[in-house]
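# Structural overview for review
One-letter residues, chain by chain:
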Amino acid sequence: MDNVQSNIINEDSEDTPQEIETKYPLLSFEKQIFMDIFEKDALLIMAKGINYNSILANLLWLYKDPSHLVLVINSSEHEEKYFTEKFKLLPLPTVGAEREKAYLEGGVHFVSTRILVVDLLKNRVPVMYIAGIVVLRAHSVLESCQEAFVLRLFRQKNKTGFIKAFSNSPISFTFGYNQVEKIMRALFITELFLWPRFHGIIIKSLKARQAQVVELHVDLTPSALQIQNCLLDIMNYTVKQLKSINRTIDMQEITTENCITKKFHKILQSQLDCVWHQLSTRTKEFIQDLKVLRTMIINLIHDDAVSFYALVSKYRTPEYAKVNSGWILLDSAEKLFKLAKTRVFNQTNEFDPEPSPKWKCLSDLLLDEIPEEVRKNNNGTVSNTKILILCLDNKTCYQLSHFLTMGANKYLFYTAFKKDLTINSVSSKYTNLKSSFPLKCEVQKEANDDLKIKEEVGTQGEMCEDEDLNMSDMNKSNFVLTLTQVATQSKKSGDQINESVFEPMSQIDSLDLTQLESEKPIICIQTFKQHGNNYSLEETLDSLRPEYIILYHSDLSAVRQIELYENRKKADERPSKVYFLIHDKTVEEQAYLTSLKREKRAFELLIQIKSVMVVPNYQDGKSDEYFNLNIEEEAEPVDTRKAGGQNANKEKPVVIVDMREFRSDLPALLHKRGINIEPVTIAIGDYILTPDICVERKSISDLIGSLNSGRLYTQCTQMCRNYSRPILLIEFDQNKPFNLQGGFVVSTDISSSDIQQKLQLLTIHFPRLKLVWSPSPYATAELFYELKQGRKNPNIEEAVALSGENTADDMCYERYNILVHDFVQKLPGVNSKNITRLMNRGVSLDHLISLSQEQLSEIMENKSEADVLYSILHVKAKPADSKDEKPFAKRKFAGKSFKNKKY
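In this report, the structure presented in the accompanying data block is examined.

About the thresholds
- Residues numbered from 1 in each chain as written.
- Predicted model: local features only at pLDDT ≥ 70, side-chain atom pairs only at ≥ 80, totals over all residues.
- Heavy atoms only, no water.
- Pairing = 2+ DSSP bridges.
- Helix = DSSP H or I, 4+ residues; strand = E, 2+ residues; numbered from the N terminus.
- Axes fitted to C-alpha atoms, helices over the stretch in contact; angles between N-to-C directions.
- Contact = heavy atoms within 4.5 Å.
- Buried < 20%, exposed > 50% of the residue type's maximum accessible area, 1.4 Å probe, protein only.
- Polar contact = N/O pair within 3.5 Å; in protein donor to acceptor, adjacent residues only side chain to side chain.
- Phe/Tyr/Trp six-rings, centres within 6.5 Å; stacked < 30°, edge-to-face > 60°.
- Lys NZ or Arg CZ within 6 Å of the ring centre and 35° of its normal.
- Core = buried A, V, L, I, M, F, W, Y, C linked by side-chain atoms within 4.5 Å.
- Parallel < 35°, antiparallel > 145°, perpendicular 65-115°, else oblique.
- Left-handed = near helix turned anticlockwise from the far one by under 90°.
- Salt bridge = Lys/Arg side-chain N within 4 Å of Asp/Glu carboxyl O.
- Patch = residues over 30% accessible without salt bridge, like charges linked within 9 Å, V, L, I, M, F, W, Y side chains within 5 Å.
- Areas by Shrake-Rupley, 256 points an atom, 1.4 Å probe, with all protein chains shown as cover.
- Lys, Arg positive; Asp, Glu negative; His and termini not counted.
- Charge placed at Lys NZ, Arg CZ, Asp CG, Glu CD.

### Focus on the sheet that holds strand β6 (residues 191-195)
Taking strand neighbours across the sheet as the criterion, the six strands line up as β3-β2-β4-β5-β1-β6 in an open arrangement whose pairing is parallel. For this open sheet the edge positions go to β3 (107-110) and β6, each flanked by a neighbour on one side alone. Sheet twist, expressed as the average angle between the axes of neighbouring strands with direction ignored, equals 15 degrees. Alignment of strand β1 (residues 42-46) against β6, held across five bridges, turns out to be parallel. In the sheet register, isoleucine 45 faces β6, and the bridge partner there is leucine 194. The strands that helix α8 (residues 179-187) touches are β1, β4 (132-135), β5 (162-167) and β6; relative to β6, the one it contacts most, it runs at about 125 degrees.

### Quick look at the pairing of strand β13 (residues 522-527)
Judged by how many residues are buried, β13 sits mostly within the fold: six of six residues are covered. Burial of the side chains of β13 extends over both faces: Ile522, Cys524 and Gln526 are buried on one face and Ile523, Ile525 and Thr527 on the other. In this structure, strand β8 (residues 386-391) lies alongside β13, joined through six bridges in parallel fashion. Bridge assignment links lysine 386 to a residue of β13, and that residue is isoleucine 522. Bridge count between strand β11 (residues 478-483) and β13: five bridges; the pairing is antiparallel. Residue pairing in the sheet places phenylalanine 479 in a bridge with isoleucine 525 of β13.

### Some thoughts on the side chain of lysine 577
Mapped onto the fold, lysine 577 is located in strand β15 (residues 577-583). Judged by its relative accessible area of 10%, lysine 577 is buried. A distance of 3.4 Å separates polar atoms of two side chains, one belonging to lysine 577 and the other to tyrosine 579.

### Overview of the packing of aromatic side chains
With the rule as written, the count across this model stands at 22 aromatic pairs. Ring geometry for phenylalanine 732 and tryptophan 773: centres 6.3 Å apart, planes at 40 degrees, overall tilted. Here phenylalanine 732 is found in the loop between β20 (725-731) and α28 (742-745), whereas its partner tryptophan 773 is found in strand β21 (residues 770-774), with 41 residues between them in sequence. Owing to a relative accessible area of 35%, tryptophan 773 belongs among the partly exposed residues under this scheme. Put simply, the rings of Tyr309, Phe345, Phe351, Phe413 and Phe417 touch in pairs and so form one group of aromatic residues. A cation over a ring is seen here: lysine 358 above tyrosine 552, with NZ or CZ 5.1 Å from the ring centre. A cation sits over an aromatic face here: arginine 673 above tyrosine 785, 4.7 Å from the ring centre.

### A few points about the nonpolar core
Ranked by size, the top nonpolar core spans 99 residues in total, and within it Phe29, Leu43, Leu60 and Leu187 carry the most contacts. In this structure, leucine 43 is in contact with Ala138, Ala165, Phe173, Met184, Leu187, Ile189, Glu191, Leu192 and Phe193, ignoring residues within four places of it in sequence.

### Details of the side chain of asparagine 158
With respect to the secondary-structure elements, asparagine 158 resides in the loop between α7 (146-157) and β5. Among the polar contacts made by the side chain of asparagine 158, one reaches the main-chain carbonyl oxygen of valine 127 at a distance of 2.8 Å. Within the structure, asparagine 158 has its side chain in polar contact with the backbone nitrogen of threonine 160 (distance 3.1 Å). Other than its neighbours up to four places away in sequence, asparagine 158 contacts Val127, Met128, Tyr129 and Ile130.

### Section: the packing of helix α17 (residues 357-377) against helix α18 (residues 394-406)
α18 packs onto α17 with a crossing angle of 60 degrees between their chain directions and a minimal axis gap of 12 Å. Considering the angle they form, α17 stands oblique to α18. Considering the relative orientation of α17 and α18, their crossing is right-handed. Together, Trp359, Leu362 and Leu366 of α17 and Gln399, Leu400, Phe403 and Leu404 of α18 make up the contact between the two elements.

### A short note on the pattern of salt bridges
For the coordinates displayed, the defined rule picks out 23 salt bridges. A salt bridge links arginine 209 to glutamate 566; its shortest N-O distance comes to 3.3 Å. You can see arginine 209 sitting in the loop between α9 (200-206) and β7 (212-218) and its partner glutamate 566 sitting in helix α22 (residues 556-567), a full 357 residues away along the chain. The burial state of arginine 209 is the same as that of glutamate 566; both residues are buried. Via salt bridges that share partners, Asp41, Arg155 and Lys164 belong to a single interconnected network.

### Comments concerning the sheet that holds strand β16 (residues 654-658)
In space, the six strands of this open sheet follow the order β17-β16-β18-β19-β20-β21, with mixed pairing throughout. Across the chains shown, the open sheet's two edge strands, defined by having one partner strand only, are β17 (676-680) and β21. Two elements, strand β18 (residues 687-688) and strand β19 (residues 693-699), share two bridges in a ladder whose sense is antiparallel. From the neighbouring strand, tyrosine 687 faces β19, where its bridge partner is valine 695. The strands touched by helix α26 (residues 700-709) within the sheet are β19 and β20, with β19 carrying the most contacts at an inclination of about 100 degrees. Its contacts with the sheet put helix α30 (residues 777-788) on β16, β18, β19, β20 and β21, and the angle it makes with β20 is roughly 160 degrees.

### A look at the pairing of β1
The buried count for β1 comes to five of five residues, which makes it a mostly enclosed element. Residues Ala42, Leu44 and Met46 point to one face of β1 and Leu43 and Ile45 to the other, with burial holding for every one of them. In this sheet, β5 lies alongside β1 in parallel orientation, the contact comprising three bridges. From the neighbouring strand, leucine 43 faces β5, where its bridge partner is alanine 165.

### Topic: a nonpolar patch on the surface
Where nonpolar side chains cluster on the molecular surface, the patch consists of Phe38, Trp61 and Leu62 and spans about 270 Å² of accessible area. Counting through the fold element by element, tryptophan 61 comes out in helix α3 (residues 53-62). According to the relative accessible area criterion, tryptophan 61 is partly exposed, its value standing at 38%.

### Quick word on a positive patch on the surface
Together, Lys48, Lys263, Lys266 and Lys529 line one region of the surface with positive charge. Tracing the backbone shows lysine 263 in the loop between α11 (256-259) and α12 (264-272). Note on lysine 263: relative accessible area 36%, which makes it partly exposed.

### Some thoughts on the environment of serine 144
Along the chain, the position of serine 144 falls in the loop between β4 and α7. For serine 144, a relative accessible area of 22% corresponds to the partly exposed category. Expressed as a C-alpha distance, the spacing of serine 144 and serine 664, which sit 520 residues apart in the sequence, is 8.1 Å.

Listed below in structure tokens is the structure:
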């Protein structure tokens, strides 16, 4: 394995193409990747944090010309915005005819997959003139069939255009059997390029220039360390119990080590989704408790003592004790609750919380170490120094911003008010805060369950201000601060952590980071990903150009982005200094090491797969067979015996699909099975298979909503009036259990029995309606393929002409007056077998009443059914509590004709 890895990773490591000139600067290893991906159609998998945006930017720049048409699909919102602004691209028009014109003008276009599928099927795209297609986030191609559908339509008509795919998630390619080969087949790609962080060329390139890294291992307080041990003991107990009662279910990935990682919810989903309905209530309690314990152990590391105590207190209630798996009864849980309280209240029950250990370290860096170093390098001045603090989430950014502007004591006291903690007395260090937080502070509950402190106080040093209590700050992902005059005068204090030595720059909302110029040091606090944007850190580094970077939390991707930023600096630019703050021997350190280990294992597996992978080249003539492109051969010839003597010529099967259905995977799967798709906006049904068969497809959530609103009744009415074989298709998610049990599939506002009862009523009202249950879109595609065998293709013009308003006159099935037909259908004795004979041979309701019992038997061809109908029409009904013999209804029927006048 190691030999294979070294041979593949270090190939061509000595001949790096240094002489290549590109539009946007590339590092030496990026030039090698650019040459590889430019020359061949390939799937490029890179390590997390080593982004491909510079490589992709140069690739797109080569094709940003009217003579080329390049389409980029499966991009995220942030990626599309990044490249659109970089190349000043215009968005595609919303009108189909205008989009067709935009395609003909060439250039690079970012297009949503659903729109592109419809445009390809309607021949709006000049497929033969497409230079190529770029697929981003290639690891997600199998989750939705839309991207594969686009590439299949493209490759069937264009064998020369390129397809290039990019991904930054190697772990995603290791889930499932033969995942890499499946994705490469879906992408129509034969080459695989792997670039892990331990690649020989990357190591050599990043060693050329490195930032100065200082690792600061911060010890947890003794009580916090004991709490961590208690939580780990409880998690170990929960995992063991979970596995002991589910020995037949594969739970190999559910371990205590994986529980503390960010991907834990995805691990749970992949392991248990398909068998969730089979799990016992006890098992579900254990799983829910694992999520609770994970939240608690992460908050212990990242949050302050007051917030953690408020979180733990929520679970020490009789209500939670009734629904949990029993972990709060363990000795470790009792110890956990006691220790959480001792971190906030001292032995005399006074409010005296311990500050976070990282706060002291951060304060020393910002007030002592960094300013002292800056003064040595800048002749005694600290002006224009830029410091970037990186955090994991918005909550920590908010915490650090308020800690630095308030000081530790004020922030903890403020948090206690915000969390509604009961404080009977405070320690001596908090007595001086009474001027800032008077006893007359009024605490109120708002609609959002947040606390708002109102008071009328002086102007200086007051922390009970509306702007500080504004909850919009909790959603901010960046804060900018600067030192106050007190700090710039180098005022030394023995308790700097408790002083307010920073002030916020409120004008940052209207400023760009590149415009920040100040005589004081600037501290920017930001998350690793602002609102999920992978490029946000790179953009901040390029615009702010910080001299000092403090990693308050550990993140694999951020470390590598800082490495790339350092290597892209100019030769005369001073190297940055990076401070790495991490709690030693804690779950924070373990989670970072686990993420490193999992990525390394994923790349090792991919390297092994690549070494044995055999795929044909396009030139050898076998690629169409390998990628299953010759779908015409999949379509079986029409069976003349089933078709009632049609000509034996092979006819391509066609299915009419409503435009809204292209959000699902079914049209792509139908096309893969050799069925032509006609995208049309139709008012009745979702899929028209034949002139007689109309299908309304419903997912479970759609079915529940339609049953509750009554919309499904209207849809079934329209289908039954216009098609002789209406079908209601109920399709399940392929990743969910094929079962309606429990609250996992069915929503809380309706139970499975309610669904069954309403479906029974539906079948009673519409006897010809067929209910079809499908476990997945793949099963539905197979069903549609079988229903198409030996049957005619639907008429597009007829399907489009039908509407919900005037459906009765459009098909020969509805030869009758709709209102009379529906009324007669509900009479006792009338069913789907005899209603046609009754409506054909009868004249009107008056005529029906005038018929004798023998005449009704002759018409309906069933004596018992005729007797039931005759009795309901002629027997007089009497009220149960009345002696007067009065007819049930005095008025006679109006005598409307059964048949419409047109017929």
